[in-house]
Amino acid sequence: MTDGGRNPYAQGAGGGRGHGYGHPARPAWTPPPPPPGGGIPPQPGYAPSAHRRSGWVRFREGDWPAPMDLLRRVRLHGCVWALMLLCLWPLLLTALWYPLARTAARQAHRRFPVQAYPRVVDPFMKRVQDARAWAALAASCLILLVYGTGQDFAELQAQYLLRVTTTPWLVLLTAPLIILAVFRLAPPSARPFMRSHLGSSGRAALWYFGAFTAVPLLFATMVGLSELFGSIRPVIMMGLLFPCVWMLSFVVFASLTLVPSVFGLSRVHAALPALVTGVLVWELAAVNLAFSGMPPGPVPVQLAAIVGGPASVTAIAWWELRRLRDRYGVRLRAA
């Protein structure tokens, strides 16, 4: 993970006058190369060690096996396959979805490679954020189990869909304002570097929101044409269903890279992801309150559920900014 050529969380990167604008750290001393003929010769019978990627990394990078390779790994008789398709027909839908998802994942990784959108990660802060997320999930489930009604459980899916659909647009409206404030606070010498990395983040955001907007447009077109031309409705449904599913899969796999890195804003300034998160969580709480109303339970429980989540996220974001400043010298203004 890098921040303009260096990782502010890396050991030894906080010395000097670092303030998160990508000044390179002092190069580490490297030992001289061994003399010719020296060192340990290659040993017979031992293959050179290679770094093996984990399954999650291969999944994110779109390195999925081909459908025929998967079928060859499962050695079943043809009659068994026919019986499974007749009895377990959802497997047929999975078999149709897999090639679309595979190509969408490869295109998403090609358009938004993980290495081009780094995310500055402090392992300690990552554990704190994960613990807060699990604690918030447990508290929400406890409130629903104790005070929730049938209607509250029925609205869970609508609330989740609302959060998924509104979060990207809130990021699109909020992030430019925060970036503008950071630009005003930054010293003039750091602004050209920040501006050079801001262009790639802006292009990634435009591509992502274009694909994100194309999903409901394709779905609305499919429904409208099927109602207009009722005689050939199955043909229209099947013809537009595959592009809609492909675009939805592309958005999902692109989100795995762009959303954690906030479109690569850590390259512009290491403090931007924490700042955007601290503001965005209050906007999401306001949207959820406006559309879904108060959570179940007595008034103290409702206030704790509404304010507790955003306040805890903001506190952790502020703690991360303090940690960036104290340990690694990352500052919003010049050092």
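Whatever comes next refers back to the structure up there.
Described in the following lines is the structure provided in the data block.

Criteria and cut-off values
- Residues numbered from 1 in each chain as written.
- Predicted model: local features only at pLDDT ≥ 70, side-chain atom pairs only at ≥ 80, totals over all residues.
- Heavy atoms only, no water.
- Helix = DSSP H or I, 4+ residues; strand = E, 2+ residues; numbered from the N terminus.
- Buried < 20%, exposed > 50% of the residue type's maximum accessible area, 1.4 Å probe, protein only.
- Contact = heavy atoms within 4.5 Å.
- Areas by Shrake-Rupley, 256 points an atom, 1.4 Å probe, with all protein chains shown as cover.
- Phe/Tyr/Trp six-rings, centres within 6.5 Å; stacked < 30°, edge-to-face > 60°.
- Salt bridge = Lys/Arg side-chain N within 4 Å of Asp/Glu carboxyl O.
- Axes fitted to C-alpha atoms, helices over the stretch in contact; angles between N-to-C directions.
- Parallel < 35°, antiparallel > 145°, perpendicular 65-115°, else oblique.
- Nonpolar A, V, L, I, M, F, W, Y, C, P; charged D, E, K, R; others polar.
- Expected span 1.5 Å × (residues − 1).
- Bend = angle between axes of the 7 residues up to and from the residue.
- Core = buried A, V, L, I, M, F, W, Y, C linked by side-chain atoms within 4.5 Å.

This brings us to the overall build of the chain. Along its length, the chain carries eleven helices and zero strands. Along the chain, helices and strands appear, N-terminal first, in the series α-α-α-α-α-α-α-α-α-α-α. Expressed as a percentage of its 335 residues, the buried residues of the chain come to 33%. For the chain, contacts bridging at least 24 residues in sequence account for 80% of all contacts bridging at least 6. Counting every atom, the chain has about 21,300 Å² of accessible surface; 69% of that belongs to carbon and sulfur.

Enumeration according to the criterion identifies nine aromatic pairs in this entry. Geometrically, the ring pair formed by W169 and F209 is tilted, given 5.4 Å between the ring centres and 40 degrees between the ring planes. Of the two residues, W169 sits in helix α7 (residues 156-185) while F209 sits in helix α8 (residues 191-228), which places them 40 residues apart along the sequence. Note on F209: relative accessible area 7%, which makes it buried. Ring geometry for W246 and F250: centres 5.6 Å apart, planes at 10 degrees, overall stacked. Here W246 and its partner F250 are both found in helix α9 (residues 233-258), four residues apart, which amounts to about one turn of the helix. For F250, a relative accessible area of 8% corresponds to the buried category. A connected cluster of aromatic rings, assembled from ring pairs, spans W169, Y208, F209, F212 and F263.

All chains considered together, the criterion is met by two salt bridges. A salt bridge links D130 to K126; the nearest nitrogen and oxygen atoms lie 2.9 Å apart. Taken together, the residues D130 and K126, both in helix α5 (residues 123-147) and four residues apart, mark about one turn of the helix. Judged by relative accessible area, K126 falls into the partly exposed class, the value being 29%. Put simply, R325 and D326 hold a salt bridge, and the shortest N to O gap is 3.2 Å.

Their axes nearest at 11 Å, the elements α5 and helix α11 (residues 299-328) cross at an angle of 180 degrees. Comparing the axis directions of α5 and α11 gives the class roughly antiparallel. Residues F124, M125, V128, Q129, R132, I143 and Y147 of α5 form the contact with α11, whose participating residues are V301, A305, G309, S312, V313, I316, W319, E320 and R323. Considered class by class, the residues forming the contact of α5 with α11 number ten nonpolar, three polar and three charged.

Below, the discussion takes up α7. The end-to-end C-alpha separation of α7 is 41 Å, in line with the 44 Å expected for 30 residues at 1.5 Å each. Within α7, the axis deviates most sharply at T166, by approximately 30 degrees, and proline P168 lies no more than four positions further along. Every buried residue of α7 is accounted for by L162, T166, P168, L170, V171, T174, A175, I178, I179, V182 and F183. Tucked into the core, α7 has its buried residues touching α8 and α10 (272-292).

Looking now at the nonpolar core. Grouped together as the largest cluster of nonpolar side chains are 49 residues, with contacts concentrated most on Y208 and L265. No other element matches the nine residues that α8 contributes to this core. Apart from residues lying up to four places away in sequence, Y208 is in contact with F112, P168, V251, A254, S255, L258, V259 and F263.

Let us look at the environment of A204. Here A204 shows up in helix α8. By relative accessible area, which is 2% here, A204 ends up buried. For the pair A204 and G264, spaced 60 residues apart in the sequence, the C-alpha separation amounts to 8.6 Å.

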